[in-house]
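Close look at the chain arrangement
Here is what each chain is made of, one letter per residue.
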Amino acid sequence: MFRGIFDSDLVQVIGVGDFLLCLGVSLVLGLLLAFCYTYRSRYTKSFVLTLSLLPAVVCVVIMMVNGNVGTGVAVAGAFSLVRFRSVPGSAREIVSLFLAMGSGLIAGMGYLGYAALFTLVMCAALILYARLDLGAKKQGERYKTVQITIPEDLDYSEVFADIFAEYTASCELVRVKTTHMGSIFRLSYQVVLRHPEKEKEMIDKLRCRNGNLEISVSREVGAANEL
């Protein structure tokens with residue numbers, strides 16, 4: 001039952017016990033990777049489920065193509081067409097997928113001890129780096145998105161240049177939007193604050209310049225946190 005119809009006497013067939021052992025170890029390693037990924041990070045149930053099952057899938061594929069170069073090349077081409085996410089993933093999600101595939105590949109080659117050791121070391125490193133933050137919180141307080149509302153008669157090109165030069169290390173106008181039949185402009189800036197504790201002082205000066213219209217300051221969300 002567990003022999004392929006194209007197998008010959010020269011082909012070594014993987015035993016059912018060995019198959020189940022590799023599959024079980026891969027599932028356990030996938031669960032371990034999934035639990036480590038959820039530590040101090042936002043996640044979805046579907047991605048955690050994918051991460052927990054991916055090592056087992058890769059393990060089985062590697063066991064089935066072991067020793068067959070032609071089948072291995074075909075499987076590699078098929079894997080290159082698979083999209084694991086429908087939207088661009090974060091750097092943490094991408095590296096987690098690579099870790100899951102790596103552990104499944106090692107288990108599929110039969111090195112179960114190395115697969116477990118690899119998973120344990122990488123999970124420990126993942127948790128350690130998540131706890132250290134590596135300056136992410138401090139840097140996140142400096143990178144801001146500033147949205148300013150101004151009347152149409154105010155020239156926005158240089159009106160806030162001196163204020164931003166005083167309070168920011170860099171400033172870039174990334175969006176201009178008109179509203180209320182063109183009577184109101186909404187400007188969006190990506191800025192890096194020199195001193196985050198002076199944020200309110202900067203907002204007060206901006207309010208005096210734009211006629212006390214709406215101003216919002218939020219944390220920058222964009223490609224800076226992605227690959």
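Quick note: structure is the one above.
So, here's what we can say about the structure. (Residues numbered from 1 in each chain as written. Predicted model: local features only at pLDDT ≥ 70, side-chain atom pairs only at ≥ 80, totals over all residues. Heavy atoms only, no water.)

Section: the nonpolar core
A general feature of soluble globular proteins is that nonpolar side chains tend to end up buried together. Counting residues in hydrophobic clusters, the biggest one holds 16 residues, and the most contacted among them are Ile148, Phe160, Phe164, Tyr189, Met202 and Leu206. Examining the composition of this core, we find that five residues originate from one element, strand β3 (residues 184-193), more than from any other. Excluding residues that lie within four positions of it along the chain, leucine 206 makes contacts with Val146, Ile148, Phe160, Ile163, Phe164 and Ile215. (Core = buried A, V, L, I, M, F, W, Y, C linked by side-chain atoms within 4.5 Å. Buried < 20%, exposed > 50% of the residue type's maximum accessible area, 1.4 Å probe, protein only. Helix = DSSP H or I, 4+ residues; strand = E, 2+ residues; numbered from the N terminus. Contact = heavy atoms within 4.5 Å.)

Considering the environment of leucine 29
Locating leucine 29 in the fold gives a position in helix α1 (residues 16-37). By relative accessible area, leucine 29 is classed as buried at 6%. Excluding anything up to four places from it in sequence, leucine 29 contacts Ser103, Ala115, Ala116 and Thr119.

With respect to the sheet that holds strand β1 (residues 143-151)
Strand order in the open sheet formed by four strands is β2-β3-β1-β4, with antiparallel pairing between adjacent strands. In the strand order of this sheet, the two ends are held by β2 (168-179) and β4 (215-219), each with one partner. Pairwise comparison of adjacent strand axes, ignoring direction, gives a mean angle of 20° for this sheet. Bridge analysis of β1 against β4 gives five bridges, and the strand direction is antiparallel. Pairing of lysine 144 across the sheet is with arginine 219, part of β4. Docked against the sheet, helix α8 (residues 199-209) engages β1, β2, β3 and β4, running at close to 150° with respect to β4. (Pairing = 2+ DSSP bridges. Axes fitted to C-alpha atoms, helices over the stretch in contact; angles between N-to-C directions.)

Everything listed here is a matter of geometry and, on its own, says nothing about what the molecule does.
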